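Chain by chain, the residues run as shown.
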Amino acid sequence: MEAKSKPSCPCIKIDTARSYDKVDLLRNIIKRNNWVETMKDSDIIWKSREIHGEDIARLQGSKTLINHYPNPERFSNKRVLSLILRTAKNYFPEDFEFYPTTYLYPDDAESLEKALDKNEKSRKNTFILKPSEGSEGIGIQLFQTKRELVRDVFTNTESVIQKYIKDPLLLDGKKFDIRAYVLILGVNPMEAFISAEGLARFCTEEYKTPSAENMKQMLSHLTNYSLNKESAKFIASEEILDANNDSKRTLASLYKSLEELGVDSKKIEEGMHELTAKTLVALEPFITQEYYSCLLYTSPSPRDLSTSRMPSSACKKKKKKK
């Protein structure tokens, strides 16, 4: 009997002409999957920076894919995402129960001050502040009273403030978070896939319930890689799929460690999928609007951009010359 050869990965052509960063990683992925790097006539265009209307219009009627949606930074902005999820929670409180109490500064300054006044004596709640356009842990604060809040961060920036989860699930006594990777394949209808693999980021110091004494100890509260990698206690990854005590771990590794402690990792995974689906439902009309707005640059088709109660029907009559 003739042995059947292992089916090869389809020959996918990747256009890297507009890739300006992480090119080595991209080329490594292309090579490992037996794909082809090209500068034109591709199946996928991999672009490092934002896309524009002409990029979308050029692909209309084509099977070529591009790796971005228009203006993704609008939805990665913490303030914008908070507004969208808050609106969804107002309409469907039970479905969006996962979204915590949130204050947008400066809009909700009065409500925030009332909450802090109420919390002054009991210190029952801890709040976390993040600059709306911040990243890498820069500008994040934990506080319980108005006196502990450093006002300087509000200069020239908008912020998102939420109730801090003070009793998180710990592993090896440390706090961690999960990065899930979601591919949005289409917007009409919305079609998305969540990767089976992901990333877990760990603090390098053991977690302690927030108090006036430890709230400034950010390496026990914030999981940001950019902060923890500078710690002498940071453990680099080696065996990424097996259970380990690394500071960055794959989901496969995390789940193995949790299961050894009797934690149902399947329940965590199902919860992540549900949370992702609901977040995409809230985002769908805004992503779709950005996508179709781009087509206005080149499409000659009429579009309904707005309605008005003042239809601008007045017309000046030209005066006749005597």
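Note that this is a predicted model, so its numbers are computed, not measured.

**Focus on the overall build of the protein**
Consideration 1: For the protein, the helix and strand inventory stands at eight helices and 14 strands.
Consideration 2: The proportion of buried residues among the 322 residues of the protein is 34%.
Consideration 3: Per element, the accessible surface of the protein, about 21,900 Å² overall, is 53% carbon and sulfur.

**Observations concerning the layout of surface pockets**
Consideration 1: Roughly 220 Å³ of internal volume is contained in the second largest pocket.
Consideration 2: At three residues, strand β14 (residues 248-250) tops the list of elements feeding residues into the lining of the second largest pocket.
Consideration 3: Here the lining of the second largest pocket is built from residues that sort into three nonpolar, five polar and three charged.

**A few points about the confidence of the model for the protein**
Consideration 1: Averaged over every residue, the pLDDT of the protein is 81; the share at 70 or more is 83%.
Consideration 2: Looking across the protein, the model is least confident in helix α2 (residues 53-58), with a mean pLDDT of 69, and most confident in strand β10 (residues 174-179), with 93.
Consideration 3: In the model, residues 1-7 has pLDDT below 50 throughout and makes zero contacts with residues more than four positions away in sequence or in other chains.

**Section: the packing of aromatic side chains**
Consideration 1: Summed over the entire model, instances satisfying the criterion amount to six aromatic pairs.
Consideration 2: Residues F127 and F143 carry aromatic rings whose centres are separated by 5.9 Å and whose planes lie at 20 degrees to one another, so their mutual orientation is stacked. Within this pair, whereas F127 is found in strand β6 (residues 127-131), its partner F143 is found in strand β7 (residues 141-143), the two being separated by 16 residues in sequence. The residues F127 and F143 share a single accessibility class, namely buried.
Consideration 3: Directly above the aromatic system of Y225 lies the positively charged group of K248, at a separation of 4.1 Å from the ring centroid.
Consideration 4: Residue placement shows R249 over the ring face of F202; its charged tip is 3.8 Å from the ring centre.

**What to know about the sheet that holds strand β1 (residues 13-15)**
Consideration 1: If you walk across this open sheet you meet the four strands as β2-β1-β3-β4, and the pairing is parallel. The open sheet has two edge strands, β2 (36-38) and β4 (65-66), and neither has a second partner.
Consideration 2: Both strand β3 (residues 44-45) and β4 contribute to a ladder of two bridges, which runs parallel. Residue pairing in the sheet places I45 in a bridge with I66 of β4.

**Digging into the pairing of strand β5 (residues 102-105)**
Consideration 1: Residues T102 and L104 point to one face of β5 and Y103 and Y105 to the other, with burial holding for every one of them.
Consideration 2: Pairing analysis gives four bridges linking β5 to strand β8 (residues 159-163), with the strands arranged antiparallel. Note on β8: the bridge partner recorded for Y105 is S159.

**Regarding the sheet that holds β8**
Adjacent strands of a sheet pair through backbone hydrogen bonds, lying either parallel or antiparallel.
Consideration 1: The four strands are arranged β5-β8-β6-β7 in an open sheet whose pairing can be described as antiparallel. Lying at the two open borders of the sheet, with one neighbouring strand each, are β5 and β7. The sheet shows a mean angle of 20 degrees between the axes of neighbouring strands, direction not considered.
Consideration 2: Strand direction decides the pairing type here: β6 and β7, joined by three bridges, are antiparallel. Across the sheet, I128 pairs through a bridge with L142, a residue of β7.
Consideration 3: Contacts from helix α4 (residues 78-91) reach β5, β6 and β8, with the element oriented near 135 degrees to β5.

About the cut-offs
- For every chain, the first residue of the written sequence is number 1, and numbering continues from 1 onward in sequence order.
- Where local features are concerned, this predicted model is filtered to residues with pLDDT of at least 70; where side-chain atom pairs are given and counted, the filter is 80 or more; whole-chain, interface and lining totals use all residues.
- Only hydrogens and water are set aside; all other atoms, that is, all heavy atoms of the structure, feed into the side-chain values.
- Secondary structure elements are defined from DSSP: runs of H or I of at least 4 residues count as helices, runs of E of at least 2 residues count as strands, and each element is numbered from the N terminus.
- Burial status follows relative accessibility: with a 1.4 Å probe on protein chains alone, a residue under 20% of its type maximum counts as buried, one over 50% as exposed, and anything between as partly exposed.
- The Shrake-Rupley method, run with a 1.4 Å probe sphere, supplies the accessible areas, and residue values consider only the shown protein chains as cover.
- The method works on a 1 Å grid over the protein atoms by themselves. A cavity is a set of points holding a 1.4 Å probe that cannot get out, a pocket is an open set with protein on both sides within 12 Å along at least five of seven lines, and residues with an atom within 4 Å of a point line them.
- Grid points are joined across faces, edges and corners, and a volume is the space filled by probe spheres set on the points.
- Throughout this entry, Asp, Glu, Lys and Arg are counted as charged residues, while Ala, Val, Leu, Ile, Met, Phe, Trp, Tyr, Cys and Pro are counted as nonpolar. The remaining residues, Gly among them, count as polar.
- Each residue carries a pLDDT value, the predictor's own confidence for that position, ranging from 0 to 100.
- Any two residues whose heavy atoms approach within 4.5 Å at even a single point are treated as in contact.
- When two rings of Phe, Tyr or Trp (its six-membered ring) have centres within 6.5 Å they constitute a pair, described as stacked for plane angles under 30 degrees, edge-to-face for angles over 60, and tilted for the intermediate range.
- For a lysine, the NZ atom is tested; for an arginine, the CZ atom; a charge sits over a ring if that atom is within 6 Å of the ring centre and within 35 degrees of the ring normal.
- Strands were regarded as paired on the criterion that DSSP finds at least two bridges between them.
- Structural elements are reduced to axes, namely lines fitted to C-alpha atoms, with helices fitted over the stretch in contact, and the angle between N-to-C directions of any two is expressed from 0 to 180 degrees.

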